[in-house]
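# Understanding the architecture of this molecule
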Amino acid sequence: AKERGKAGFCFYEPQMIARASERLALSTDLREGLGRDELRVCYQPKVDLRSRRLVGLEALARWAHPTRGHLPPSMFIPLAEDCGLIARLGERVVREVAGQIARWRAEGLPLVPVAINLSMQEIQGANFVPSLLRTLAETGLDRHAIEFEITETAAMTDVHTTLRHLRELEALGFRIAIDDFGTGFSSLSHLRQLPARTIKIDQSFVHGADVSHHDREITEAIIALARKLRLHTVAEGVESEQQASWLVQAGCDIGQGYLFGRPLPPGETATLLAAGFAG
Ligand code: C2E
Ligand code: CA
Ligand code: CA
Ligand code: CA
């Protein structure tokens, strides 16, 4: 049975206790690492599927761990959520991205909106909106410079606060996208409630459509639904020209995936911004 431990960890089964001690060690590292600037951000291009013009970037966090090397978000985002570090981590990401955009702007590069991932748990935090506004004010960025991608997780305990904070963000002029659309159990009901302008179709649909007619029909239906609701659609995980072309036929606007570019460190992202195209 699932039980919440004193340290805030979930123990599902006895044999996971070994892993739990590893998580405890990693959470200590994370707490220290956040103070030591070990967080890095990579940027992945989003393109207009027809013109291949660069229309946005997505900021993806990496952890430069002192002994384990670069760790992907799956290794530390859920951990940060479990051990109460997600608010600090999120603030660091916003600070890093805002600072980077300001540097690109100072270099005279043409800018596109940069999307930051937020987990529902992060948005629930009492200081979430004021802390965000403070960071942006410090870097002098306007609100169109940054967008938010919201991932639904099982950890959303306070729906009311989450929705209130999201509506505040929207009222302040920030754009919001629903991430991983089509996964999770309540995406459709969220769609009615969330102040989103964009849905990001989960990459499992894009990949599944290669082999399953059924997945392709679901994806086409999602795109059709989004168009009816006047929402923009971004397809994630586009890896082949074949996928890109049927997505265009289905009416999808924007694509993201290895076909157009992998997540890149800031220096290489600057080259991409200067070119204005990807893929
Ligand atoms: P996501 O937001 O769905 O991001 C897309 C993930 O798919 C990224 O993995 C990206 O590297 C990967 N990807 C992009 N194109 C392709 C492709 O063509 N093929 C395949 N196979 N994969 C592709 P990544 O960077 O490991 O991030 C994983 C997840 O971690 C993200 O999923 C997001 O939910 C979360 N995440 C990342 N950065 C942050 C952050 O700063 N804060 C929060 N709260 N979550 C974050
Ligand atoms: Ca995302
Ligand atoms: Ca996603
Ligand atoms: Ca995902």
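Residues numbered from 1 in each chain as written. Chains lettered and ligands numbered in written order. Predicted model: local features only at pLDDT ≥ 70, side-chain atom pairs only at ≥ 80, totals over all residues. Heavy atoms only, no water.

In the annotation of an unreviewed UniProt entry, the entry for the protein chain reads Diguanylate cyclase, and the organism field reads Dyella thiooxydans.

## Some thoughts on the coordination of the calcium ion (ligand 4)
The coordination sphere of the calcium ion (ligand 4) contains the protein donors Asp180 (OD) and Asp180 (OD), at a distance range of 2.9 to 3.0 Å. If you look at the calcium ion (ligand 4) and the calcium ion (ligand 3), they sit 3.6 Å from each other and are both ligated by aspartate 180. Tracing the sequence through the fold places aspartate 180 in strand β8 (residues 175-181). (Donors = N, O, S within 2.8 Å, 3.2 Å for Na, K, Ca; no water. Helix = DSSP H or I, 4+ residues; strand = E, 2+ residues; numbered from the N terminus.)

## A word on the coordination of the calcium ion (ligand 3)
Geometrically, a metal with four donors at the corners of a regular tetrahedron has ideal angles of 109.5 degrees, and one with six donors at the corners of a regular octahedron has ideal angles of 90 or 180 degrees. Looking at the metal site, the calcium ion (ligand 3) is ligated by Asp179 (OD), Asp180 (OD), Glu236 (OE) and Glu236 (OE), spaced 2.1 to 2.6 Å from it. When the donors of the calcium ion (ligand 3) are listed by position in the chain, the intervening gaps give D-D-x55-E. The metal-metal distance between the calcium ion (ligand 3) and the calcium ion (ligand 2) is 4.1 Å, with aspartate 179 serving as a donor to both. With aspartate 180 in strand β8 and glutamate 236 in the loop between β10 (232-235) and α10 (241-250), this pair connects stretches of sequence that are 56 residues apart. Its relative accessible area of 23% is what places aspartate 180 among the partly exposed residues. (Buried < 20%, exposed > 50% of the residue type's maximum accessible area, 1.4 Å probe, protein only.)

## Section: the site of ligand 1
With respect to spatial proximity, 22 residues lie near ligand 1, and among them Gln44, Arg62, Asp179, Glu239 and Tyr258 are the closest. Within the backbone of alanine 61, one N or O atom sits 3.1 Å away from a nitrogen atom of ligand 1. Within the side chain of aspartate 179, an N or O atom sits 3.0 Å from an oxygen atom of ligand 1. Protein contacts shield 82% of the accessible area of ligand 1, which totals 810 Å² for the unbound molecule. Per-element tally for the shell around ligand 1: the top contributor is strand β4 (residues 54-65), with four residues. In terms of residue class, the shell around ligand 1 is built from eight nonpolar, seven polar and seven charged. (Near = heavy atom within 4 Å. Polar contact = N/O pair within 3.5 Å; in protein donor to acceptor, adjacent residues only side chain to side chain. Areas by Shrake-Rupley, 256 points an atom, 1.4 Å probe, with all protein chains shown as cover. Nonpolar A, V, L, I, M, F, W, Y, C, P; charged D, E, K, R; others polar.)

## Side note on the environment of glycine 140
Counting through the fold element by element, glycine 140 comes out in the loop between α5 (128-139) and β7 (146-151). Considered as a pair, glycine 140 and alanine 98 are 42 residues apart in the sequence and their alpha carbons are 8.7 Å apart.

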